[in-house]
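Report on the structure
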Amino acid sequence: MLLDKSILELLTGYKNKSIDPVDVINEAYGQIDKYSSKLNTLITVRDKQEVLDFLKTLDSSLPLYGLPYILKDSYATTELRTTCASKILDNYLSPYDATVHKKLKEAGAILIGKGNQDAWGHGASTENSDYGMGKNPWDPTRVVGGSSGGPAAAVATRMCAFAIGEDTGGSIRNPAAWNNISGLRVTYGRVSRYGCVAYASSMDTVGPFGKTAADLAIILKVIAGPDVYDGTSAPHEVPDYNLELTKTPNKLKIGIAPEMFGAGLDQEISNNAQDFASKLAELGHQLIDISLPVAEISDAAYYILAPSETSSNLGRYDGIRYGNTRDLFTQESMRRIMVGTYELSSGYYDAFYRKALKIRTLLIKTFQKAFEQCDVILLPENPIMPPKLGDLISDPLANMLADLYNTPVSLIGSPSLVIPSGFHKNGLPIGVQLVGKKFSESLLLGLGHQYQQVTEWHTRSPQL
Amino acid sequence: MTYQLICGAEIHVELKTKSKMFCGCQNDPFHAPKPNLYTCPVCLGLPGALPVPNQKAIEDTILLGLALHSQIAKVSKFDRKHYFYPDLPKGYQISQYDQPLCIGGYLDTSFGRVNLTRIHLEEDTAKLQHATVNGQSVSLIDFNRSSVPLMEIVTEPDIKSPEMAKEFLKGLRDIIRALGIADCDMEKGGMRLEANISLTKDGTLPHYKVEVKNINSFRFFANSLDYEFQRQSEILDKGEIPAQETRGYRSTSNLTVSQRTKEDAADYRYFPDPDIPPLIIDSAWVSTIQQRLRKLPNQIITDLVSAGITESAAKIILQDPDMLTFITQVKILDPKSVRTAGNDLANKKIDYHQITPEAYLEAKKSNVQNQISANSQLEPLVRQVLADNPELVAQYRAGKTGILGFFVGAVIKNTGGKADPRTVTELLKKNL
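Within every chain, residues take consecutive numbers counted from 1 along the sequence as written. Each chain is given a letter, starting from A, and each ligand a number, starting from 1, according to the order in which they appear as written. pLDDT decides what is reported in this predicted model: residues at 70 or higher carry local features, side-chain atom pairs at 80 or more are listed and counted, and totals for whole chains, interfaces and linings draw on all residues regardless. For the side-chain quantities, the full set of heavy atoms in the structure was used; hydrogens and water were omitted.

**Notes on the UniProt feature "active site" (unreviewed entry) in chain A**
Residue and element names in this part refer to chain A. How we decide: UniProt positions are given in the numbering used here, feature names are shortened, and annotations may be inferred rather than shown by experiment. In this text, helices come from DSSP runs of H or I with a minimum length of four residues, and strands from runs of E with a minimum of two, each type numbered from the N-terminal end. A 1.4 Å probe rolled over the protein chains alone gives each residue an accessible area, and that area as a share of the maximum for its type sets the label: buried under 20%, exposed over 50%, partly exposed in between. Between two residues, a contact is recorded if the distance between any of their heavy atoms is within 4.5 Å.
Taking the numbering used here, the UniProt-annotated feature "active site" (unreviewed entry) corresponds to Lys72, Ser147 and Ser171. A compact arrangement is adopted by the annotated residues: their sequence extent is 100 residues, whereas the largest C-alpha distance between any two is 10.6 Å. You can see lysine 72 is positioned in strand S2 (residues 68-72). Residue classification places lysine 72 among the buried positions, given a relative accessible area of 0%. Setting aside chain neighbours within four positions, we find lysine 72 in contact with Lys114, Gly115, Gln117, Ser147, Ser148, Pro151, Ile164, Gly165, Glu166 and Ser171. Relative to the helices and strands, serine 171 resides in the loop between strand S6 (162-167) and helix H6 (173-179).

**A word on the interface of chain A and chain B**
Let me state the cut-off plainly: By definition, the buried area sums, over both parts, the 1.4 Å-probe accessible area that each loses when the two are put together. For this analysis, a salt bridge means a side-chain nitrogen from Lys or Arg found within 4 Å of a carboxyl oxygen belonging to Asp or Glu. Polar contacts, as counted here, are pairs of nitrogen or oxygen atoms within 3.5 Å of one another; within protein the pair requires one atom able to donate a hydrogen and one able to accept it, and residues that are adjacent in sequence qualify only if both atoms are side-chain atoms. For this classification, the nonpolar set comprises Ala, Val, Leu, Ile, Met, Phe, Trp, Tyr, Cys and Pro, the charged set comprises Asp, Glu, Lys and Arg, and every other residue, Gly included, is treated as polar.
Between chain A and chain B, the residue contacts involve 34 residues of the former and 29 residues of the latter. Summed over both sides, the interface of chain A with chain B buries roughly 2,500 Å², with 56% coming from carbon and sulfur. Of all residues in chain A, A:Ser312, A:Arg316 and A:Arg321 bury the most surface against chain B, accounting for 24% of the area lost on that side. Inspection of the chain A/chain B interface yields 1 salt bridge. The residue A:Arg193 makes a salt bridge to B:Asp275 at a minimum N-O spacing of 3.0 Å. Our count for the contact surface shared by chain A and chain B stands at 14 residue pairs in polar contact (both at pLDDT 80 or more). Those elements that provide at least two residues to the side of chain A that touches chain B are helix H10 (295-313) and helix H11 (331-344) of chain A. Of all the elements, H10(A) adds the most residues to the side of chain A that touches chain B, at 4 residues. When the residues that make up the side of chain A that touches chain B are grouped by side-chain class, the tally is 16 nonpolar, 12 polar and 6 charged.

**So, the packing of aromatic side chains**
Formally: Put simply, two rings from Phe, Tyr or Trp (the six-membered ring, in Trp's case) pair if the centres are within 6.5 Å, and we call them stacked under 30 degrees between planes, edge-to-face over 60, tilted for the rest. Distance and angle both matter: a charge sits over a ring if NZ of Lys or CZ of Arg is within 6 Å of the ring centre and within 35 degrees of the ring normal.
Enumeration over the complete set of coordinates arrives at 25 aromatic pairs over all chains. Ring geometry for A:Tyr349 and A:Tyr353: centres 5.1 Å apart, planes at 25°, overall stacked. A:Tyr349 sits in the buried class, given a relative accessible area of 15%. Clustering of aromatic rings is evident, with ring pairs tying together A:Tyr92, A:Trp120, A:Tyr317, A:Tyr322 and A:Phe329. Here A:Arg46 stacks its cationic end above the ring of A:Phe54, 5.7 Å away from the centre of that ring. Here the basic side chain of B:Lys81 rests over the ring of B:Tyr268, its NZ or CZ set 4.3 Å away from the ring centre.

**Quick notes on the UniProt feature "domain: Amidase" (unreviewed entry) in chain A**
Here, the residues flagged by UniProt with the feature "domain: Amidase" (unreviewed entry) are residues 23-445 of chain A. In this annotation, residues 23-445 of chain A is assigned 36% helix and 16% strand; the end-to-end C-alpha distance for the span is 29 Å.

**Focus: the sheet that holds S2(A)**
All names here are of chain A. The line we're drawing: DSSP-based pairing: two strands are paired if at least 2 bridges between them are found. Angles run from 0 to 180 degrees between N-to-C directions of axes, and those axes are lines fitted to C-alpha atoms, restricted for helices to the stretch in contact.
A sheet is described by the order of its strands in space; here 11 strands give the open sequence S1-S3-S2-S6-S8-S7-S12-S13-S11-S9-S10, paired in mixed fashion. Looking along the sheet, the strands with just one partner apiece sit at the ends: strand S1 (42-45) and strand S10 (286-289). Taking the axes of each pair of neighbouring strands and ignoring which way they run, one obtains an average angle of 30° across the sheet. Relative to strand S3 (residues 110-115), S2 runs parallel, the two being bridged by 5 bridges. When the bridges of S3 are listed, tyrosine 69 appears paired with leucine 111. Of the strands in this sheet, S2, S3, S6 and strand S8 (205-210) touch helix H4 (residues 99-106), which is tilted by about 175° from S2.

**What to know about the side chain of A:Arg173**
Residues and elements named next belong to chain A. For arginine 173, the position within the fold is in helix H6. At 2.9 Å, the side chain of arginine 173 and the side chain of aspartate 167 are in polar contact. Leaving out residues up to four positions away in the same chain, arginine 173 has contacts with Asp167, Arg185, Glu381, Tyr405, Asn406, Val409, Ser410, Ser416, Val418 and Gln433.

**Focus on the side chain of A:Ser270**
If you trace the backbone, A:Ser270 turns up in helix H9 (residues 267-282). If near-sequence neighbours (up to four positions away) are discounted, A:Ser270 is found in contact with A:Phe261 and A:Leu265.

**What about the domain arrangement of chain B?**
Residues and elements named next belong to chain B. Put simply, the rule reads: Each domain's limits were defined by an automated method or a database of domain assignments.
As assigned here, chain B comprises domain 1 (4-285), domain 2 (295-355) and domain 3 (373-432). The centre of domain 1, based on its C-alpha atoms, is set 33 Å off from the matching centre of domain 2. The interface of domain 1 with domain 2 comprises 7 residues on the first partner and 6 residues on the second. Summing both partners gives a buried area of about 470 Å² for domain 1 against domain 2, and 63% of it is carried by carbon and sulfur. In terms of surface lost to domain 2, no three residues of domain 1 exceed Asp174, Arg177 and Ala178, which account for 61% of the buried area on that side. Summed over the shared surface of domain 1 and domain 2, the result is 0 salt bridges. Scanning the region where domain 1 abuts domain 2 turns up 0 residue pairs in polar contact (both at pLDDT 80 or more). Looking at the side of domain 1 that touches domain 2 residue by residue, the class counts come to 4 nonpolar, no polar and 3 charged.

Below is the structure:
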């Protein structure tokens, strides 16, 4: 398939006329037609003729010329409705474009659809969607992961050249690992959040999904940077991530915390992460034992801060605007709104919210200390393999525990790259997580690229 | 039983910055030609929109703090205040909870000092309009006002009387206007007042307070104090304690009506707005703002008086920034003409929006010249009138000074109405 090719190969092919972008778009629509409804991958698909017409208007010298992409349905777009996978916004057409979408459009990429997700980002499975439970393309009886499950599956099934997810507590990282693709949670502030329907504003990040770390580098260069519409976007200069890929040193210190490989972690996933570490050592990197006694407290802090913020962010869906009433919130969303409302109530703020903020500060300090000893921290991504559809939806606590390796990174605002690292004996893919200091995306992508140069896990796609 | 009134005020003032508090929309809700014209995803609270604070509004608030001797916070932040109301599209108002921009401060009145608790910045809500459309009663929302910068000034319970309240509120308004940060148009809601009122016997703060809202004039504020004093006295006289509640002022009947009691007080679930990073206010920034600190009303009056203007004229000039600019320029151009110009301004004899101070002074100069030459022409006319009316002159000299008016009229009549009455009067007195 043309869509098995990397972004660089596609762009080079477009330039020397060996590949016709129309063929790539046709191929993407072919995959969408075949699999999207079966797997509940996309919520809304753009009219193909409209896309092909738009292609004709584009300048072929644009950096992402003609590349078809999928956005998580949490991004405001003027072309397609923005539901955030909730019937509350079933008919909502945004009058403005999210900054990430605007930037991609201006770079020549073409939006062809909006991906399924857990409604409002509430979940790690895409089961909490009002548009059908997302199914895993590697095993449609299992969850696809989430909350950005749709965009991740769209990359895995070659419905697009790349996709944009949104990661608050692991929503890019978890489905990247369960779909055998690469996903990047960026440093908080690296990419503008303007136009991203807010879940937990202090942790929401906008990041890319792709087949390789190199693909992510190309997309990140386009979407990163300060934005006058987002007061939390960072002024830091945007490096040429693609050029930096090959400049990454091969003598990095890789920190591994034994606490993070304890109870609750699937043995095969644990072994896989160790194998991954050995591979990095083979490449010349140095493995270092570090201490990160954060697992329990970070999950607790995350599940206070995120519901508190979401209870506030969702207050605007009060039934007066957008045409639908509040009874359309899913059970999971209602749970988080209730919990958050309680935690912010007078008399409870100090007991919960303020304490969670203190834990957050403690986590930042703990990681700072760890980063004095190492350049990158290696963590497993998911403690478990994707459950069967519906198995955990009635067990919210188990779902929360699955975020164990994600929430600390979310709370400290660091970047984290997830890349494919092998397969479980059940045939499903496993991913690992490389966590860096703030604004170390270049380093993480470079390290991922090095690994992907000597391994072939990332080249596999699901046999549908 | 006699009681002492204790009152603290909460004053909301809409700043007149060019753009709104958290977006680039035009801040001009009162002059918008139609509803919902000045709106965008941010002030409509649309999914995904984010607030970015207006630096000018922050500086204007700090400016008022500097003028009122407040302590300026080194670190400040914005918080979300949650409540449900159709005019609040996000479900929360961005306000400041525990780290306001300005802390403390005071304003002196002739009745004593009113200390300030704080001054903070927030966003205004949209405006509901209850109307009848096609025979159906409907509620419409106008978002032109949504997210307009709103400053809140909170005082300590230092106001002791309706008179003191009036003087304080007027003084505050004059300062805000003099700083050029807000128009304080009370009728349109550009300045809104709330009073916290209780009574004490011994000067200590009692355990209850009554909050009165919907006050849109200084007189009504004073009236509500009078009314509450009466109402609470009667309750206290019976040995009861007035209920802790929110009451609304009704200007038509000049009384207050209960709106909400303590039991259903809202829990606003304040928490720091994660969309807005904390504000670090360093001394360099404050110094820059300090440079904008203009002279305050009292100082302006003192300066005008010492420049030769009467105090009553100075007070009128103070109310109008354009008049103030005019007189300041006159002072520079021709200090000797300041007194006359001041009186002319106060008496609305100068169309100061049309005429420049230079042109005014030029005209004045030629008038004076005309008068000098006129004096020599008037003198014979004055003598003529006096000579023609010897009886009346005798009556005047006997003490019937009211006759002077007749002489003035007669002289002016003889000049065909061209003479200046004041000059004529002076000449007559000289000759009588």
